[in-house]
Amino acid sequence: MSKRRGRVTLRDVAQAAGVSLWTASNTFSNPDRVAEATRQRVLAAADALDYAGPNPGARALALGSTNMVALVAPQDASDLLSDPGAALVAEGLLSSCDRAGLSLVFAGHGDSPGVDGRVFLRTSPEETDRGPAVVVDRDVEDVPCVRAETGPAAAQLAQHLIDLGHRRIAVITGPEDQERLDGAAGVLDALGPVTAFRTAGAAWPTEPHGEGAARRALSATPRPTALMALTDPLALGALDAAYRMGLRVPQDISITGLDGVPGAEAQGLTSALVPYRPMGELAGSVLVARIAGDPLPPLPPLPVQPTIRATTGPAATS
């Protein structure tokens, strides 16, 4: 049989193999439903006609589903995966997608065509976004949100420092940490105006951002006796700054973080464990329910548990 020119359709393959159009379609999309001898006959006909297979886009439109969901974040994929908390969310979401038979793609914005739903991490859907959506780590009206109790955790860490005798406490925060800052300020306001050193640039700053902000905080007069960093990467950067400035932790300066990401425990960082991976898994389960049109359960914020380690101690006397 000679190969022919022009666009070959699945119907041409079915006719050449002597089978129904349904059988030819199942050969490509559900091969386990086709007898082996028949499947080989269809594949041989497809090869002879130079037929590569059904068009994925056309098949998705016909079925009304692509079996793909998008993770939308304000970072590109490399920055997202280098952010420990975001990487754990992605890991949990991927686990849920695997169980549901869905593929996960990364997207820098909500306009990601060809997906059945979207999970928005630390960002909000635009009015133009369509389809099922779930938001993670942010509170948005009219959209299911998976969040953790980071504000109360920040308040507990602030109270821990006060209980240790600290009265000069500086806060290191990024531009997206308002809930955490509000939680800490609710306790620290009793000491007077809260001194907050904000990082510039990246929405979710890294350790170098924390080191720079901590250097500014530790250069103040009088110097703080404690630094509250509102994320673990900021806190780990603050630890580097303190050591480089010749300060002992916690004898000269106490430092807290908030995330509980990998690396915090190894540094002995007093922090609070945000359940990022369970948040990703829950977001995936909620999105699957939304895609299926199933009712959603209540979504109260997940608890965050502070953990006291070696980077906090009694305030230094001066």
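Residues numbered from 1 in each chain as written. Predicted model: local features only at pLDDT ≥ 70, side-chain atom pairs only at ≥ 80, totals over all residues. Heavy atoms only, no water.

### Quick word on the layout of surface pockets
Applicable threshold: The definitions used throughout rest on a 1 Å grid laid over the protein atoms alone, on which a cavity is an enclosed set of points accommodating a 1.4 Å probe that cannot get out and a pocket is an open set flanked by protein within 12 Å on both sides along at least five of seven lines; lining residues are those having an atom within 4 Å of a point. Grid points are joined across faces, edges and corners, and a volume is the space filled by probe spheres set on the points. Starting at the N terminus, helices and strands are each numbered in turn, a helix being any DSSP run of H or I of at least four residues and a strand any DSSP run of E of at least two. Gly counts as polar in this scheme, as do all residues outside two lists: the nonpolar Ala, Val, Leu, Ile, Met, Phe, Trp, Tyr, Cys and Pro, and the charged Asp, Glu, Lys and Arg.
Space inside the second largest pocket adds up to approximately 320 Å³. Among the secondary structure elements, those contributing two or more residues to the lining of the second largest pocket are α5 (77–82), α6 (84–100) and α10 (232–244). Of the residues contributing to the lining of the second largest pocket, the split by class is 11 nonpolar, 5 polar and 6 charged.

### Considerations on the sheet that holds strand β1 (residues 68–72)
Rule in force here: At least two DSSP bridges between two strands are required for those strands to pair. By definition in these notes, contact holds between two residues if any of their heavy atoms fall within 4.5 Å. Every angle, taken between N-to-C directions, lies between 0 and 180 degrees, and every axis is a line fitted to C-alpha atoms, over only the stretch in contact when it is a helix.
Reading across the sheet, the 5 strands line up as β2-β1-β3-β4-β5 and stay open at both edges, with parallel pairing between neighbours. The open sheet has two edge strands, β2 (103–107) and β5 (145–146), and neither has a second partner. Note: β1 against strand β3 (residues 117–121), 4 bridges, orientation parallel. Pairing of L71 across the sheet is with V119, part of β3. Here α6 sits on the sheet and contacts β1, β2, β3 and β4 (133–136); the angle it forms with β2, its principal contact strand, is near 150 degrees. Sheet strands in contact with helix α11 (residues 276–292) are β1, β3, β4 and β5, and its direction is about 165 degrees off that of β4.

### Considerations on the pattern of salt bridges
Should their charged atoms come close, side chains of opposite charge can pair. Worth spelling out the cut-off: Salt bridge, as used here, is a side-chain nitrogen of Lys or Arg placed within 4 Å of a carboxyl oxygen of Asp or Glu. Buried, partly exposed and exposed residues are distinguished by accessible area as a fraction of the type maximum, computed with a 1.4 Å probe on protein chains only: under 20%, between the cut-offs, and over 50%, respectively.
A complete count under the given rule lists 12 salt bridges for this structure. For the salt bridge of R147 with E179, the shortest nitrogen-to-oxygen distance reads 3.0 Å. In this pair, R147 is assigned in the loop between β5 and α7 (150–163) and E179 in helix α8 (residues 178–188), connecting sequence segments 32 residues apart. Measuring nitrogen to oxygen at the nearest pair gives 2.4 Å for the salt bridge that ties R277 to E281. With R277 and E281 both in helix α11 and 4 residues apart, the pair spans about one turn of that helix. Judged by its relative accessible area of 22%, E281 falls in the partly exposed class. Salt bridges linked by common partners bring E91, R99, R277 and E281 together as one network.

### Notes on the packing of α7 against α8
Inclusion rule: Two helices crossing with the near one rotated counterclockwise from the far one by less than a right angle form a left-handed crossing, whereas a clockwise rotation gives a right-handed crossing.
Viewed as axis vectors pointing N to C, α7 and α8 meet at an angle of 35 degrees, and their least axial separation amounts to 7 Å. Where α7 crosses over α8, the two elements pack in a sense that is right-handed. On α8, the residues that touch T150, G151, A154, A155, A158, Q159 and I162 of α7 are E179, R180, G183, A184, V187 and L188. Its residues placed into classes, the contact of α7 with α8 shows 7 nonpolar, 4 polar and 2 charged.

### A few points about the sheet that holds strand β9 (residues 254–256)
Pairing in this open sheet of 4 strands is parallel, and the strands run β7-β6-β8-β9 from one edge to the other. Lying at the two open borders of the sheet, with one neighbouring strand each, are β7 (195–198) and β9. Shown here is a sheet whose adjacent strand axes are inclined to one another by a mean of 20 degrees, direction ignored. Across the sheet, α8 lies against β6 (169–173), β7 and β8 (226–229), angled at about 170 degrees from β6, the strand it touches most.

### Here's the deal with the nonpolar core
The criterion, for reference: What makes a nonpolar core is a set of buried Ala, Val, Leu, Ile, Met, Phe, Trp, Tyr and Cys residues whose side-chain atoms join them at distances within 4.5 Å.
If you look at the biggest cluster of nonpolar residues, it comprises 42 residues, and the most contacted ones within it are L121, V136, L188 and M228. At 7 residues, α7 tops the list of elements feeding residues into this core. Setting aside chain neighbours within four positions, we find M228 in contact with A154, L157, A158, L161, I169, A170, V171, I172, A184, L188 and T256.

### A word on unusual backbone geometry
Cis geometry marks the peptide bond from T221 to P222; its omega dihedral reads -5 degrees. Mapped onto the fold, P222 is located in the loop between α9 (207–218) and β8. P250 follows V249 through a cis peptide bond whose omega is 10 degrees. Among the secondary structure elements, P250 is positioned in the loop between α10 and β9. The backbone of R122 shows a phi angle near 60 degrees, a positive value even though the residue is not glycine. Following the sequence through the fold, R122 ends up in the loop between β3 and β4. You will see that D142, though not glycine, has its phi angle at about 65 degrees, which is positive.

### What to know about the environment of H166
Here is the rule: N or O atoms closer than or at 3.5 Å make up a polar contact, with two conditions inside protein: a donor-capable atom paired with an acceptor-capable one, and, for residues adjacent in sequence, both atoms drawn from side chains.
Its location among the elements puts H166 in the loop between α7 and β6. Residue classification places H166 among the buried residues on the basis of a relative accessible area of 0%. In this structure, the C-alpha to C-alpha distance between H166 and L227, residues 61 residues apart in sequence, is 9.9 Å. There is a polar contact of 2.8 Å between the side chain of H166 and the side chain of T225.

### Side note on the environment of D129
Here D129 is to be found in the loop between β3 and β4. Taking the C-alpha atoms as reference points, D129 and R118, 11 residues apart in sequence, are found 9.3 Å from one another.

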